[in-house]
Amino acid sequence: MLDLAPNNKRGLVLHSPIMVGSGGAGNGDCWPSGLTPDMFAAVVTHPVTLRPRRGSEPPRLAELPAGFLLNTGDHNPGFRRLLDQHRTQWRRLGVPLIISLAEGAPGDRAWMAERLEEEPVVAGIELPVREDVNLGELSAAIAAVRRVTTLPLLVKLPSTRAAHLAKACVVAGADALVIGGPPPAVYPASGQALLEGVLGGPIALPFTLRALEKVAALALDAALIASGGIQRRQDVALCLNMGATAVQVRSLLWTDPAAARALAQWGQDPIE
Amino acid sequence: MIQTKAHVVKRESERGHVILTLKAAALAMRLGPGQPILVRPGPGLDPYLPRTFHPLSIQDDLLSIRIPPDADRGHAWLRARSVGETLDCLGPVGRGFRIAAQARRLLCLGEGEWAWTLLSLVEKAVAQGVAVTLAVEATSATRAIPAQRLPLAVEYRLATVDGSRGRRGRISTLLPELLSWADAVAAAGTMAFYQTLAAAIEEQRLLLRHGYAQALYPSTFFCGVGACQTCARDVAGGRRRVCLRGPVFDLADIV
Ligand code: FES
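Residues numbered from 1 in each chain as written. Chains lettered and ligands numbered in written order. Predicted model: local features only at pLDDT ≥ 70, side-chain atom pairs only at ≥ 80, totals over all residues. Heavy atoms only, no water.

K.L.:
Teacher, can you tell me more about the domain arrangement of chain B here?
P.N.:
Interfaces are often sized by the accessible area lost when the parts come together. Residues and elements named next belong to chain B. Domain boundaries assigned for chain B yield domain 1 (2-91) and domain 2 (105-253). With 19 residues of domain 1 at the contact, the number on the domain 2 side is 23 residues. Summed over both partners, the interface of domain 1 with domain 2 buries about 1700 Å², with 58% contributed by carbon and sulfur atoms. Linking domain 1 with domain 2 are 3 salt bridges, by the criterion used here. Linking Arg66 and Glu113 is a salt bridge whose minimum nitrogen-to-oxygen distance equals 2.5 Å. At the junction of domain 1 with domain 2, the criterion picks out 6 residue pairs in polar contact (both at pLDDT 80 or more). Residue assignment for the side of domain 1 that touches domain 2 shows that the elements contributing at least two residues are strand 1 (2-14), strand 2 (17-23) and strand 5 (57-59). Examining the composition of the side of domain 1 that touches domain 2, we find that 3 residues originate from one element, strand 5, more than from any other. Looking at side-chain class alone, the side of domain 1 that touches domain 2 contains 9 nonpolar, 6 polar and 4 charged residues. (Domains from an automatic or database assignment. Contact = heavy atoms within 4.5 Å. Buried area = accessible area lost by both parts, 1.4 Å probe. Salt bridge = Lys/Arg side-chain N within 4 Å of Asp/Glu carboxyl O. Polar contact = N/O pair within 3.5 Å; in protein donor to acceptor, adjacent residues only side chain to side chain. Helix = DSSP H or I, 4+ residues; strand = E, 2+ residues; numbered from the N terminus. Nonpolar A, V, L, I, M, F, W, Y, C, P; charged D, E, K, R; others polar.)

Laid out in C-alpha cells, this is it:
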C-alpha cells in the first residue's frame, strides 16, 4: 500500500501506483473495453468549474508525431450537476475518487473544495495549474483551498515550470504534486487552422521526466505523481525510480485498453 | 465496445483505395450499420491516434473497411497490410442506423465518400425485405460506388457533378422525386448536405418530423467511449459527445 498524503490525517492510500489521470475515464463513468475502476489505484475526474462550460469549439484534437494536441476548454457540466449526476455511481467505484477543480473566478475553487468536505465519496482534490500562473497567486489559491478542506490536496504543476513552483505549493498546503501538466503547443488540426492545446500521448513523456527529475531533486515533503506520456511498463519503472510514488495514465486507456489493463497489474508481477 | 485482433483475410485495391476484409467474429457480431470501428494505424506508438472506419459490409464473422489513398501515415500503413496479418480494433462506437419495423421503402442518400458508409445498411435493409433506393452524389463516375457492389434488389440512382454518369449536377435535383417515394431516409454526408436534405424534406412534407430521416454525423473518434471529449458537438439541443449520442442521429436533431 502507498500513501500519497502521509502528513494528512485522512491520508490517500492506494493499492498500486497506477492511477487514472484527469478525465481518462471521463468522470469515472466512461470505461473503455475491458477496464474497470478496481483495476486502478484511483480515478481523477475531468477538471470541473463552478458553472458549466461549453468548452472549445471543434476541432479539439490534432495529431502530432507520437502524440496529439488536445484542447477541450474544460468542457464540463458545472460543479453541482457533476455531483448530482455522478454521486450514486461514484459510490460504486471501489477506489479513491479525486475531483479535479479547474480554475475559474477567484474563490470558486475554495468554494467547491469546501462543499466536497461533505461528500464522503470524495478522497481527494486535484488542482491543475496553468502554465502562466504567477507564484504569489498560486500560493494564495492553494492556501485558500487548504483552509477550507481537510481532503488530501494534489497540485498538478505544468511540467515546464514545475521546479519553479513546487516548493511554494508544498508550503501552501499541497499534500502531493502531480508532475506535470504537459506544455501547451500549437499545430494544424487535420489541414485546418492552427490548434492551441496541450500535448498528450508518448510525446509528452520527456517533458514529464525532465520536470520530475528537477522536482525530485528538491526533496520536498510531498509525494510526487508522474503524469504525461506514460504508456509502457518501462515508463512507469523510470518514473518510480526517479522519485515518483505513483503515476497517472490517461490516453493509453483510449488507444489501447488492453495495454492499460496490463499496466494496471503493476506489482502483481514478480519482476517488479 | 470491445478491443479485438482482426485477421486480414482478403485485400482488394479499387482505384487507389484498399479494401481489407477482416475476420473478427466478436466485433462483427456486435456491429451494426452506421457504427464505426477504431483501428490502430501501426504496431507502435506512432502514429498514435486510432483511425475511424465505417465498415462497408458486416456479415457473420467478417467485416470490411475501405482505406483511402490519401497522404495520412496511418492510412498508408493500413493500406500496406496483407492477408494473414492482424489489426488491433476497437468497436463498435455509439449508435448506428435503425430500420424501423414499419419501414417499407428506405431511401439511402450518400454524398461523396460518405456514401460508402451506407453499404452495410443497404445490405441489411434488403435482407429484411425492405425496398431500398440508394442515391449517391459523386464528383464523377470513377468516384461513385460501382453498381456491382450492390444487392440486385437495390435501385441505384447516381448524380455526378461532372455529368460522367447518371444525372448531371447535385443530388438535390433528385430529392423531390425520391422523397415522395420513401417512408424512411438514411443519409451520410456533410453538414451542408444535411441542410439541403432537411430543406427538401420540409418542402415535400411541410415539416421535418422526428422519426423520418436519420443521418450519420461526419466525425472521427479518439476514445469512442465519451472520455476524451474531442467529439463534442452542438446536437440534439445541447453540446453532446457524438460517440455516445450518435454517430447516427435523427436528422431533426442535427440541422
Ligand atoms: S471520441 Fe472521445 S468523447 Fe467521443
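K.L.:
What am I meant to see in the pattern of salt bridges here?
P.N.:
As a working rule, side chains carrying opposite charge can pair if their charged atoms are close by. Across all of its chains, the model carries 28 salt bridges over all chains by this definition. For Asp175(A), the salt bridge is made with Arg146(A), and the minimal N-O distance between the two is 2.9 Å. Of the two residues, Asp175(A) is situated in the loop between helix 4 (162-172) and strand 10 (176-181) and Arg146(A) in helix 3 (residues 135-148); the sequence distance between them amounts to 29 residues. Owing to a relative accessible area of 11%, Asp175(A) belongs among the buried residues under this scheme. Between Glu177(B) and Arg157(B) there is a salt bridge, and its shortest N-O distance comes to 2.9 Å. (Buried < 20%, exposed > 50% of the residue type's maximum accessible area, 1.4 Å probe, protein only.)

K.L.:
So what exactly am I meant to see when it comes to the packing of helix 1 (residues 79-91) of chain A against helix 2 (residues 108-116) of chain A here?
P.N.:
Helix-helix packing is described using two parameters, namely the angle between the two axes and the distance between the axes. Residue and element names in this part refer to chain A. Contact geometry for helix 1 and helix 2: axes closest at 11 Å, N-to-C directions at 25°. Viewed along their axes, helix 1 and helix 2 adopt a mutual orientation that is roughly parallel. Here helix 1 runs over helix 2; the crossing is right-handed. Of helix 2, the residues touching helix 1 (which contributes Phe79, Arg80 and Leu83) are Trp111, Met112, Arg115 and Leu116. (Axes fitted to C-alpha atoms, helices over the stretch in contact; angles between N-to-C directions. Parallel < 35°, antiparallel > 145°, perpendicular 65-115°, else oblique. Left-handed = near helix turned anticlockwise from the far one by under 90°.)

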